[in-house]
Structure formats: structure tokens, C-alpha cells
Amino acid sequence: MSGAFTKSMARNIFYGGTVFFFLLFLALSFDTHSQLPKRDMRQNITPQVIEGKKLWEVNNCIGCHTLMGEGAYFAPELGNVIVRYGDEGVKAFIKSRPKDGIPGRRSMPQFNFTDEQLNAIVAFLKHVNSINDANWPPNDQG
Amino acid sequence: MSESSPITNQAAASTKRLPGDLAIWFFIMAEMVAFAVFFSAYAFTRAGHVEMFNLYQQTLDRNLGALNTVLLITGSWFIVLAVQAAHRDDQKAISRNILLGFLCGGGFLAVKIIEYSAKFGAGISMSTNTFYMFYISLTFFHFMHVILGMVILAVLWFQSRKGVYGSHDANGLESGAAYWHMVDLLWIVLFPLVYVMR
Amino acid sequence: MQFKSQAVAKPYFIAAIGLFVGQILFGLILGLQYVLGDFLFPAIPFNVARMVHTNLLIVWLLFGFMGGAYFMIPEESETELFSPKLALAMFWIFLVAGALTIVGYLTVPYATLAAMTGNNLIETMGREFLEQPLPTKLGIVVVALAFLFNLTMTMLKGKKTAIAMVLMIGLWGLAVFFLFSFYNPVNVVLDKFFWWWTVHLWVEGVWELILGSFLAFVLIKTTGVDREVIEKWLYVIVTLTLISGIIGTGHHYFWIGTPEYWQWWGSIFSALEPIPFFGMTVFAFNMVNRRRREHPNKAAVLWALGTGVMSFLGAGVWGFLHTLAPVNYYTHGTQITAAHGHMAFYGAYAMVNLMMISYAMPILRGRAANSNKSQVLEMWSFWLMTIAMVFITLFLTAAGILQVWLQRVSDTPLPFMVAQEKIQLFYWMREWAGVAFLIGLIVYITSFFVGGEEEKAK
């Protein structure tokens, strides 16, 4: 019996430990859900913001940019782009992308958005900027 | 080894053997590391906000905490008795002591729920401030461990009723007992750290 | 080969390697776009190339997992596969769906693809790694369910070993957590919260069970160490994986609008995540040292040891580097993340698949092991690819440290693009390391086609 190390004990601990930590994770997630309304500004999610999020997704913006730090790391963070450029600056930037890119530089495609779509995108980015994300990013450069 | 006295020899021999299964000791080590890191995080953060921590520490109910300490230590004692009973094949005493240990755990949970309902009733949550973040995280993480420990004790109790444990095989019982002692030990660190130390 | 039906694994392995090549080619395109910004623009913009690169990675790993499972489960259960025909049918469905998806990415603007494939019914597209159109996502679910059904039925009629159980839990978990890819709430915080239930609980949760199980299987076969010993260590390692990894999800909840206690929970538990990876490394070396036989397939053993070490470095060490919240505050969303991602995926999942292929492919081709000549080439490819990946990671780490400094820490933070231009040198070096990786991959593929006298089982 000295120095017992049995497979059945190792197995039981695997199952028990997994269930235990998954339940703990669920409990924390549950608490998160009760706290989120204070942080995610959901009361400001208008149809325009929803439209902006959809445009963000179907044009795969996350394939180059980051949003609250998540995404690709090829192009600037956009969670706070409103702070850097302002509403009109963002719209002007997106509108003015040359169709064939800028020679030698990382280029953003020309998406041919309507003014309404541009407003929706800005509304979405403004909403993201308003979310309480523990003061990230460290500065306005993103 | 010198032949000084039979008692020290016996003690030396018994320390050679790790009670319970090696697998449970890996689990216990992992859990203790997680708690140790959590405790250190508490200590370092407290060092930076001593006044705030002291202020909110006074809102905790030390009497309930002390009662819970007694309950867990008593629970551990019953489990020690159960393991000893197994080694002398006293089947009735094994089951009885596991059950008593289980009841101590239940008492702990009841007291903790009283304590929590007062805190949560006052609108306190993990997001209230850093002190309460640690207080709730640590005690709730430990609370879940007491529940897990009680589940293990319940399994041990059912098994002991079938006469599984005895001097021939106490591996399962010793493993569960080791885990239960860990739950106790963690509380003995947690209680002074969060409730008492100023 | 002990069971005829194990042969269904072969097309899966071949497809996996083919897609792997595609992934690396697109990786090189991306690397060039980092330094020559307008390379292939506007034909293949960066976001498209990246989507192809990451999606090919996921799909080839899935092909590898499926092939490995089809090879392993009959042997573990000691019975023929429930339905080899179903397995082959699923292979073609998955391959065609995958190929069509990639063609779709490359030929149609993404927004048009979304409109064409019914994204308006359930909006699931346009989120990192989960860019697949709705029909592809549904296809993945169908293929995964048929695959799991097939294997579960096989296991039910045969032996249920610990290794097979751990694998099946990993695979079922993979399927279950993929379902969160269909949940895309309009609230971006919730969207991100549950996005990680697929992404994190895959790569730092259930996939590690698949990894551990494959590793244990190949170690049993190649070292001849007692199954009982290997299986109990497997249980200990996967236990440590899940107790650290599940709450470790919290390290993604620092800066996305979730409550701030995650900074503590996430930091503490993800700081423990290197432990199971270290355990995996020690486990692999220990078992090989205690081997009771000299297996003729030395290449497979090399991959087994390699995946232990590289997953520890890539996932364990490089993950730990930036997982603590105060550090992550500065490194979040920089090249540091990219560095970690590259070595972790290669070390843990690419290498474990290559290990399985290395062990199983010779057997599927009717021999215990490849010729010495072939194995020497394969080992060359191992070192070329692995060292190239180490350098890719080091260069990206250097780029990341500079980026963090220039853009976030210094007294006069520079705009993103200005900082990027200042670290071009490291992106060039990364690209050359990528070329070395491709050479390694070519050597790897060549090793399948050299003859020579095959090794006999000793």
C-alpha cells in the first residue's frame, strides 16, 4: 500500500476537478453577467449601433485592426479611434482611401460606404469607446 | 537509524509512507499553489492599501469566522478518527466519524450562508472595492472547496457503509481525508489573513 | 496496421499536410505585407490573407485531429471502426466545404460573401477565427457530429481505455464549445465574452486533452512503457490543464468591458497554466528514458519530445510572459501576442499532429517505420521548422517589445503606423525565418517520397 498511485484515483480526480472548476467558472460568469449592465453601456445600443457592428463584421475589419486589443495587429486599434480622429475625421479617412492603395504602404481598401453607413460605423465605434474597459488602452495612440 | 526507542522508530516508519494516493497529492499541491498565489496577491495588495483594508475588514463578522474555524477543525478531527478506525477495522466508527465530519462541513456552509446573506443583502459584491473583491473571491473559492470536500465525504460515507475501507485498504479514505484536511488548512490561513490580521 | 478501417485516416493526414502548405504560403504573403504594405493590394488585402492563414490552420489541425482519432480509436478499442464509409464521406464533405470557403474568401469581397451565404439569417461572420460563412459553420457541425457518432459507436462496441476516453472528452468538448460561434449578440462585450468560450476553451482547454491523449498513445507505442503508468500520468496532466485553463479564460477578460476582478482571477489561474505544459515535457522525456524497446520510428519519438518542449516554451513560457494583468495592460494586442500565438500553435498543435502523422503514416503505408534515409530527412525538417519557428517568435517578441515601448510606454507615445515603420527590420527578419520554415516544410514533404530500405521492427 506504500506509495499508492492508482489510475482510478487519478481518473476520479480528473472528472471531479474538471466539473468543479467548470462550475466555478460558471459562477464567475454569472456574476459577470449581473455586473455588465454597469459597464457595457447597453442602454445606448441603438439600431444605428447595431447596424455599425454588422458593417464592422461583414467587412472583416478585425482582419487588420484590433478592437479593445483583440483582432489582427496590422492596423491601428479602433476602440478609441474616435478620440484620435473625431467623428468627422474617421468618416473622412474611410471615405478617402484610394481604390488601388498607397504605393509601398499598408493600405486600407475602399469600401464605398454610403453616408448612412459611415454614420452607423461611427456610432458603433463611439459606443465601443464608451465601454468601461478598465482604462485600456494606456494612451490615445491605442 | 539508532535503536533509541520504539516510539521514534514507529514515527519514522509512518512518515515514510504518504497516506492516500499520490494522485490526490498532485491535486492538493495544485490547489495549494493556486491559493498561495491568491494569498500573496492579497498580502501585496493590502500592503499598498493598508488603511482601506483595515477599514473594511472591520465590517466582517469575526465571531462567525471563528465559529467556522472551530467547525472545520472539529470536522478534520472526526476524519482523523475515521482513518484511525479504518486501520483497526472498526467499520461502525468509520462511517459514524465520516458522517460527523460531513455535518461539521454542513455547519460551516450554513454559517457562511448567514454571513454572505448579510453582505450580499447590503449590496456588497466583488466589484465593490478591492478588499471585498479579495474577501468574496477567497472565501467563495474556499466555500466551493468545502462543498467539494463534502461531496467527497459523502462518497466515502457510502463506500464505508459497504465496508470498502479497513486495514487492508484505506487508500480511498486516506485520499479523501487528505483533501478534507487541506480544506481545513486553507481556512486556517484564510481566516486570520482576511478577518483578523491588521 | 492492426485494423483495416484505420486506413480512413490516410486521406485526412494527406489533406492536413496539403492545407498546412497553404497556411505557410499565406503566412509568407502576410509577412511580406508587413514590410511591403501594398503587396498584392487590392487583389488580396491583408485581412483576406490573414483569414486564409488562420482558417487553414484551424482546418488542417482539425483534419489532423480527425485523422489521428480515426487511426487511434479502433486500435485502442480493439475493434473495427463503426463505419469507414461515413468517415470517408465526411472527409470529402469537409474537404470540399473547406476548399469552397477558401475560394470564397479569395474571389469575392467578404461583404458580398456574407450576403451570398445567408449571414443575414444568423449573423456569425466577421469575428476573428470564426469568419466562416454560415454554411461552412453548419458543415463543421455536421462533420463533427458524424465523426463523434462514428467514434463513439466504435468505442461502445470495444474497449474503453483511458487514453481513448480523454480523447473523446476533448473531441466532444471541441464540438460543444464550437456552438458558441453561432451566438453573436449585438452587445459587443457579450459577443467578446462568449467568443472566448469557443476560442480559449478550445486551445487552452479541450484541445489540450487531444494533445495529451495523442502524446500518450504514441509514447505507449514507441516506448513500450506500461500503459497503466502512462495513463495515470495522462490523467494527472489533463487535470492540471483544466483546473488552470478553465478559470484561465479570465486572462482574456481584462480589457473588454468585463468586471475588474477578472484581472486577479485571470492572472492567478493563467499563471498556473505553464505547469501542465511542463508536466507534459517531463512526462515525454521520462517515458522515452524508461523505454523498454527501441522503436524503429525515431522520427516519431523526436516529434513527441519536440511537442513537449515547444508547447511548454510557446504556450507555457511565452504565454506567461504577458498573462499578468499589469504586464498585459501594455502588451495586449501587440506583436507579443502574435509571437506567443505562433510558437504555441506550432509547438502544441502543429507538432502533435506531425507526431501522429509521423507515427501513423508509415503504418498506413504498410511498414513499421520509414527507411533510414526518409527518417533522416524528416528529422532535418523537424529541426529546420522548429528552429525557424523559434526565430519567428524571437523576432516578433523583439518587434513587440519595441512596439510596446514606442507606442505605449515612452513619454512621447508614437502613433501606431509610425511605431510600425521603426520596427520594420524585425519584420524582415521574421519573413526570412518564415522562408526557412517553408524550406523545412518542403524537406518534410520530400521525406515522404524518398525510398530506401525500410526499417524492420526490432
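The shown structure was predicted, so the numbers you read here are calculated from the model rather than taken from an experiment. (Residues numbered from 1 in each chain as written. Chains lettered and ligands numbered in written order. Predicted model: local features only at pLDDT ≥ 70, side-chain atom pairs only at ≥ 80, totals over all residues.)

Draft legend 1. Layout of the nonpolar core. Ranked by internal contacts, the top residues of the largest apolar core, which has 239 residues, are C:Tyr70, C:Leu167, C:Leu215, C:Val218, C:Leu234 and C:Met355. By residue number, the principal contributor to this core is helix H7 (residues 188–223) of chain C, which donates 22 residues. (Core = buried A, V, L, I, M, F, W, Y, C linked by C-beta atoms within 7 Å. Buried ≥ 20, exposed ≤ 12 C-beta atoms within 10 Å, placed from the backbone. Helix = DSSP H or I, 4+ residues; strand = E, 2+ residues; numbered from the N terminus.)

Draft legend 2. Up close: the interface of chain C and chain A. Listed by partner, the interface residues are 61 residues for chain C and 61 residues for chain A. Within the residue set of the side of chain C that touches chain A, elements represented by two or more residues are helix H2 (46–77), helix H4 (110–116), H7, helix H8 (227–248), helix H12 (325–331), helix H13 (335–364), helix H14 (372–409) and helix H15 (416–422) of chain C. Tallying contributions element by element places H8(C) first for the side of chain C that touches chain A, with 11 residues. A per-class count over the side of chain C that touches chain A returns 34 nonpolar, 15 polar and 12 charged. (Contact = placed C-beta atoms within 7 Å. Nonpolar A, V, L, I, M, F, W, Y, C, P; charged D, E, K, R; others polar.)

Draft legend 3. Summary view of the packing of helix H6 (residues 130–161) of chain B against helix H7 (residues 171–196) of chain B. All names here are of chain B. Packing of H6 against H7 leaves a shortest axis separation of 10 Å and a crossing angle of 160 degrees. If you check the angle between H6 and H7, you find them roughly antiparallel. Our pair here, H6 against H7, has a crossing hand that is left-handed. When H6 is examined against H7, the residues Phe134, Tyr135, Leu138, His142, His145, Val146, Gly149, Ile152, Leu153, Leu156 and Gln159 are found in contact with a partner set consisting of Gly172, Leu173, Gly176, Tyr179, Trp180, Val183, Leu186, Trp187, Leu190 and Val194. When grouped by side-chain class, the residues that make up the contact of H6 with H7 number 15 nonpolar, six polar and no charged. (Axes fitted to C-alpha atoms, helices over the stretch in contact; angles between N-to-C directions. Parallel < 35°, antiparallel > 145°, perpendicular 65-115°, else oblique. Left-handed = near helix turned anticlockwise from the far one by under 90°.)

Draft legend 4. Representation of the interface of chain B and chain C within the structure. Counting residues at the interface gives 13 residues for chain B, matched by 14 residues for chain C. For the side of chain B that touches chain C, the elements supplying multiple residues, two or more each, are helix H2 (22–48) and H6 of chain B. Tallying contributions element by element places H2(B) first for the side of chain B that touches chain C, with nine residues. Here the residues of the side of chain B that touches chain C are counted per class, giving 11 nonpolar, two polar and no charged.

Draft legend 5. Main features of the environment of C:Gln420. All names here are of chain C. Within the secondary structure layout, Gln420 lies in helix H15. Overall, the presence of 25 C-beta atoms within 10 Å leaves Gln420 in the buried class. Separated by 385 residues in the primary sequence, Gln420 and Val35 place their C-alpha atoms 9.2 Å from one another.

Draft legend 6. Molecular detail of the confidence of the model for chain C. Of all residues in chain C, 99% have pLDDT values of 70 or greater, and the mean over the chain is 96. Under the prediction, the complex receives an ipTM of 0.97, its pTM being 0.95. (pLDDT = per-residue confidence, 0-100.)

Draft legend 7. A look at the domain arrangement of chain C. Residue and element names in this part refer to chain C. When its domains are assigned, chain C resolves into domain 1 (1–160) and domain 2 (224–458). When each unit is reduced to the centre of its C-alpha atoms, the spacing between domain 1 and domain 2 is 21 Å. Contacts between domain 1 and domain 2 engage 20 residues on the former and 20 residues on the latter. Here the side of domain 1 that touches domain 2 takes 13 residues from helix H1 (residues 9–35), the largest share from any one element. Its residues assigned to classes, the side of domain 1 that touches domain 2 comprises 15 nonpolar, four polar and one charged. (Domains from an automatic or database assignment.)

Draft legend 8. How the structure looks around H8(C). Along its 22 residues, H8(C) runs 31 Å from first to last C-alpha, staying within 8% of the 32 Å computed at 1.5 Å per residue. Most of H8(C) sits out of view: 19 of its 22 residues are buried. (Expected span 1.5 Å × (residues − 1).)

Draft legend 9. Structural context of unusual backbone geometry. With an omega of -5 degrees, the peptide bond between A:Trp136 and A:Pro137 qualifies as cis. Relative to the helices and strands, A:Pro137 resides in the segment after helix H4 (115–130). With omega at 0 degrees, the peptide bond leading from C:Phe41 into C:Pro42 counts as cis. Mapping C:Pro42 onto the fold places it in the loop between H1 and H2. Its identity is not glycine, yet A:Met68 carries a phi of approximately 50 degrees, on the positive side. Counting through the fold element by element, A:Met68 comes out in the loop between strand S1 (66–67) and strand S2 (70–71). Although it is not a glycine, C:Phe129 adopts a positive phi angle of roughly 70 degrees.

Draft legend 10. Here's a closer look at the environment of C:Arg290. Residues and elements named next belong to chain C. Considering the arrangement of structural elements, one finds Arg290 in the loop between helix H10 (274–289) and helix H11 (298–321). The exposure class assigned to Arg290 is partly exposed, which follows from the 13 C-beta atoms found within 10 Å. Ignoring sequence-local partners within four residues, the contact set of Arg290 consists of Thr223 and Val225.

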